[in-house]
Structures are given as C-alpha cells and as structure tokens.
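Below, each chain spelled out in residue letters.
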Amino acid sequence: MHNPFPDGTTKPFIIAGPCAAESEEQVLNIAKALKPLNVNLFRAGLWKPRTRPDSFEGVGDVGLKWLKRVRDEIKIPVTTEVARASHVEVALKHEIDALWIGARTTVNPFAVQELAEALRGVDVPVYVKNPVNPELELWIGAVERFTKVGVKRLGGIHRGFSSYGEKKYRNKPTWEIPIEFRRRLPNIPLLTDPSHICGRRDLIYGVSQKALDLGFDGLMIETHDNPDEALSDKKQQLTLEAFAQLLCKLAVRQTEIADPISKQSLEKLRAVIDGIDEKLLDVLAERMNEVDKIGEVKKENGVAIYQPERWNDVRENVKQWAAEKGLSPDLMVKLYEFIHKESIRRQSNVIHGKEQASEK
Ligand code: PEP
Ligand code: MN
C-alpha cells in the first residue's frame, strides 16, 4: 500500500485540531498541547462551509500563516479543507502539508472536478470525506477524479451521513458504506471522523473504538482548548485533556494474527464456517423450491401472491424461534424480510412468467 501520509505510516493515523482556526493564539495553543501526543497531522478549517449564512464562516486566507507556524515552529504537519481552486492555490503556496475535501463538496462532481484540475500533477496528500448523503458511488467517484489527474497520496474519511429528524448521531455512521469503500478501494487508507458523526462529545469514544475494531487506518478528531466557547461545532469538540485520555483508552487491534498456532485454528474455524454457509444456501434453495410450488397452487386458484396474515405468522414464528435459539429476533426478522422479498419475486415469476415479472 502506498503511504498517503506526510510523515510515514503509523497506525492508527491521528489527525487532530480545532474545527476552525479562530485566532493565531488559539491555533498555536492547541498545536503545542497536541505536540507531545504525537498526532500525525494538525487540522484546522479556514474556509468553513456553514449551513446558515450568519454563522462563523472561517478566518480565510489569514489563517494560512498560523498553520505555517504550526508546521515550522511546532513541527506538526498541517491540513485544511479546500472547497475551491483558489483555496488549493493559496494552501499550496503556504506549503500546507495535506488537504481534505469536505462532505458538502464531495456531493458536487463539478466542484470536485475543479479541485482535481487545480491539483493536476501536484504531489500532496488529499483526503476525501464521504458525501453528506449515503451514496458510495459518489464518494468513490470523487476519489477517482483525483486519481485521474495523478494525485497519488489519497485517503478517505468516513464522517457519517445526513438524515432527517431527531436522532442519536448528528450524521449516521452507516458502517456498511465505509466497509464497502474499503473492499472496493483496498489500497486507499480510510480514516473515521467521529466528531462529525457524533455531534456530541460523549459518543466519540465508542465510534472511534468501533472504527479501530473494523481495522480502519485512523481517526480525525476535533479538539479545542475551550470547546464551550468555540465558534463552530462546540458540542462535539474534545478538550485537550479529554483527547489525551481518549488516545490512552483506545485499543488498537491487529488486522492479522501473528501467532502461527492461533492462525491455524482460525483457518480451521473459517473452513467450518464455509461448510455451514454452503449448507445454509442448500436450505435456502430448498425453501425456494417449496415457494415455487406454493406459487403454482396460488396460480391455479387465482389467489394473490402476498398474504399479509401469512407474512405476519412467519414473522412471529421467526421471532420466537430466534429467541429460543439465542439469535436476535429483530435481526432475524430483517433477514426474513429479504427472504420474503425473494419469495414474492419467485412466485411472481411462476404466476406471470419471467419477463412480465421482471418488468414490475
Ligand atoms: C470539518 O471537518 O470541519 C467539516 C466541515 O467536516 P464535514 O465536511 O465532514 O462536515
Ligand atoms: Mn467541524
């Protein structure tokens, strides 16, 4: 795997710093406190994409000099968000070590392409945050736009997905999306940003640990010297003390087992699982054969495919059997929703013939 990071790969790779640069003093204070914690990159937003127009929109270009001081005097490499070609130009002029693309930019292919053009032939690490909406292809597409112009050191940042209404997380983590991102782009390091996922301090440890448990490569965490007075995202920024404690508390899991004996027993268990999976599919195929037979009976008798009472009974049975077998009833009902959907599709095929059914 190529190394996208300015200072060599360390695992987990930690990016920390305030949501936004607010003053030279604030930036330097935070950076000094982070230095002994060996963070890999210092973050601070200069051009802030805010939801409402009267919010603090960042200090802009003037903050570049402050970040340069962090880099040159405190000796932590620095990163900031770029949303326009003009941001890229001034950031590179000030030797910003790495750039990130925000979630509100990743959603817009025109904006991403404009940034990609500004980075053509430039060797700087670029981290692409997921788009605000849960659309994997849009995220991967943005990464590809940078690959195509020759950006070699690329990373992904999972920052959660927007949804409507009251909810636990500010942005839902929807872990299956970053997991699939990782499967599709195995050579692109992937970090999680628990701050923007959680929106509140008390949830940050859980989400950070989960990302590490999944073998993700690192974390981007907002930290501030006085979060309650921060000009943006005050509820989610950690104090410097809380951040230091978090780093001590996080457990880093290995992705591979080193001990050969344990490795062998893992291989054996995996072979057993493969056998069970095959049997599971045999049973499913058997079930679907019976489903087809029911379809024939319904066809002969002119009966509707979907029968709500029967489906209710199946769900109740599944719940009860799942509980008896120590499985999660809710999860098993979800699994059965897929199985039921497939059963309906098969019966449609039986009743209407394949072509007509596939038009539905
Ligand atoms: C940020 O990192 O400060 C930020 C604005 O994040 P996102 O693009 O994930 O909302
Ligand atoms: Mn923020």
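Because the structure is predicted, anything quoted here is derived from the model rather than measured. Numbers given for residues are sequential positions, taken from 1 along each chain in its written order. For this description, chains carry letters from A and ligands carry numbers from 1, given in the order in which they are written. At least 70 in pLDDT is required for a residue's local features to be given in this predicted model, at least 80 for side-chain atom pairs to be given and counted, and no such filter applies to totals for whole chains, interfaces and linings, which use all residues. Each side-chain value is worked out from all heavy atoms of the structure, with water and hydrogens disregarded.

Student: Report on the layout of surface pockets, specifying residues and quantitative values.
Tutor: Buriedness of a pocket was judged along seven lines, with at least five required to meet protein on both sides within 12 Å; pockets are open sets of points on a 1 Å grid over the protein atoms alone, cavities are sets where a 1.4 Å probe fits but cannot get out, and lining residues have an atom within 4 Å of a point. Grid points are joined across faces, edges and corners, and a volume is the space filled by probe spheres set on the points. There is about 550 Å³ of room inside the largest pocket. Lining the largest pocket are 16 residues, and of these L280, V318, L335, Y336 and I339 sit closest to its centre. When residues in the lining of the largest pocket are grouped by element, the largest group, six residues, is from helix α12 (residues 308-324). Tallied by class, residues from the lining of the largest pocket come to 12 nonpolar, one polar and three charged. Within this model, the second largest pocket holds a volume of roughly 360 Å³. Around the second largest pocket sit 15 residues that line it, and R287, I294, K298, R310 and Q347 are the ones nearest its centre. Where helices and strands are cited, they refer to DSSP runs of H or I of at least four residues and of E of at least two residues respectively, numbered from the N terminus. Secondary structure elements with two or more residues in the lining of the second largest pocket: α11 (260-301), α12 and α13 (329-352). The dominant element in the lining of the second largest pocket, judged by the number of residues it contributes, is α11, at five residues. In this count, Pro and Cys sit with the nonpolar residues alongside Ala, Val, Leu, Ile, Met, Phe, Trp and Tyr, while Asp, Glu, Lys and Arg are called charged and the others, Gly among them, polar. Its residues placed into classes, the lining of the second largest pocket shows seven nonpolar, four polar and four charged.

Student: Could you give me a rundown of the coordination of the manganese ion (ligand 2), with the residues and numbers involved?
Tutor: Because no water is among the atoms considered, metal sites can look incomplete, with donors defined as N, O and S atoms within 2.8 Å of the metal, or 3.2 Å for Na, K and Ca. The manganese ion (ligand 2) binds to the protein through C19 (SG), H196 (NE2), E222 (OE) and D233 (OD); the donor distances cover 2.0 to 2.4 Å. Mapping the donors of the manganese ion (ligand 2) onto the primary sequence gives the spacing C-x176-H-x25-E-x10-D. Taken together, the positions of C19 in the loop between β1 (13-17) and α1 (24-34) and D233 in the loop between β8 (218-224) and β9 (238-239) put the pair 214 residues apart, joining distant regions of the chain. For C19, a relative accessible area of 1% puts it in the buried group. Taking relative accessible area as the criterion, D233 reaches 18% and is therefore assigned buried. When a residue's accessible area, from a 1.4 Å probe over protein chains only, is under 20% of the maximum for its type it is buried; when over 50% it is exposed; and in between it is partly exposed.

Student: Provide a residue-level description of the packing of aromatic side chains, including the pertinent values.
Tutor: Stacked, tilted and edge-to-face pairs are distinguished by plane angle, under 30 degrees for stacked and over 60 for edge-to-face with tilted covering the rest, among Phe, Tyr and Trp rings (Trp via its six-membered ring) whose centres lie within 6.5 Å. This structure, assessed with the given rule, holds two aromatic pairs. For the ring pair W175 and F216, a centre distance of 6.1 Å and an interplane angle of 45° mean the geometry is tilted. With W175 in the loop between β6 (154-158) and α7 (176-184) and F216 in the loop between α9 (204-213) and β8, this residue pair connects regions lying 41 residues apart in the sequence.

Student: Requested: an account of the nonpolar core, with residues and values cited.
Tutor: Take the buried Ala, Val, Leu, Ile, Met, Phe, Trp, Tyr and Cys residues and link them wherever side-chain atoms come within 4.5 Å; each set so joined is a nonpolar core. Counting 65 residues, the largest nonpolar core has L34, F42, V126, V128, F146 and F181 as the members making the most contacts within it. For this core, the element with the highest residue contribution is helix α6 (residues 136-148), accounting for six residues.

Student: So what's going on with the site of ligand 1? Which residues, and what values?
Tutor: By convention in these notes, a residue is near a molecule or strand provided one of its non-hydrogen atoms lies within 4 Å of it. As a structural note, the neighbourhood of ligand 1 is formed by C19, R43, K48, E81, W100, G102, A103, R104, K129, R159, H196 and E222. At a separation of 2.8 Å, an oxygen atom of ligand 1 approaches a polar side-chain atom of R43. One of the side-chain nitrogen or oxygen atoms of R159 is found 2.7 Å away from an oxygen atom of ligand 1. For accessible areas, the Shrake-Rupley method is used with a probe of radius 1.4 Å. Any residue's cover is judged against the shown protein chains and nothing else. For ligand 1, the protein covers 97% of the area, taking 300 Å² as the surface of the free molecule. Any pair of N or O atoms that falls within 3.5 Å is considered a polar contact. Within protein, one atom must be able to donate a hydrogen and the other to accept it, and sequence-neighbouring residues count only if both atoms are side-chain atoms.

Student: How would you summarise the packing of α6 against α7 if you had to cite specific residues and measurements?
Tutor: Two numbers describe a pair of packed helices, the interaxial angle and the distance between the axes. Where α6 meets α7, the axes come as close as 10 Å, and the angle between the chain directions of the two elements is 40°. One element, α6, and the other, α7, form an angle in the oblique class. In this structure, α6 crosses over α7, and the sense of that crossing is right-handed. Where α6 approaches α7, its residues L136, E137, W139, I140 and V143 are matched on the opposing element by I177, P178, E180, F181 and R184. For the contact of α6 with α7, the residue count by class is seven nonpolar, no polar and three charged. Axis geometry follows a simple rule: fit a line to the C-alpha atoms, using only the stretch in contact for helices, then measure angles between N-to-C directions, giving values from 0 to 180 degrees. When describing relative orientation, an angle under 35 degrees is termed roughly parallel and one over 145 degrees roughly antiparallel, while 65 to 115 degrees is termed roughly perpendicular and anything else oblique. Here a crossing is called left-handed whenever its near helix is offset anticlockwise from the far helix by less than a right angle, and right-handed whenever the offset is clockwise. When checking whether two residues touch, look at their non-hydrogen atoms; a contact exists if any pair is within 4.5 Å.

Student: So what about the pairing of β1? Which residues, and what values?
Tutor: A large share of β1 lies buried, amounting to five of its five residues. What you see with β1 is no split at all: F13, I15 and G17 on one side and I14 and A16 on the other are buried throughout. Across five bridges, β1 lies against β8 in parallel orientation. Pairing of G17 across the sheet is with E222, part of β8. Pairing of β1 with strand β2 (residues 41-43), which is carried by two bridges, proceeds in the parallel orientation. When DSSP finds two or more bridges between a pair of strands, those strands are recorded as paired.

Student: Account for the environment of R315, naming residues and giving values.
Tutor: Here R315 is to be found in helix α12. We classify R315 as partly exposed; its relative accessible area is 23%. Between the C-alpha atom of R315 and that of Q245, which follows or precedes it by 70 residues, the distance is 45 Å. Apart from the residues lying within four places of it in its own chain, the contact partners of R315 are V333 and E337.

Student: Residues and numbers for unusual backbone geometry, please.
Tutor: Its identity is not glycine, yet E95 carries a phi of approximately 55°, on the positive side. As for its position among the elements, E95 is in the loop between α3 (85-93) and β4 (98-101). Among the residues examined, E95 registers a relative accessible area of 41% and is labelled partly exposed. Look at T174: it is not a glycine, yet its phi comes out positive at around 35°. Position of T174 relative to the elements: it lies in the loop between β6 and α7.

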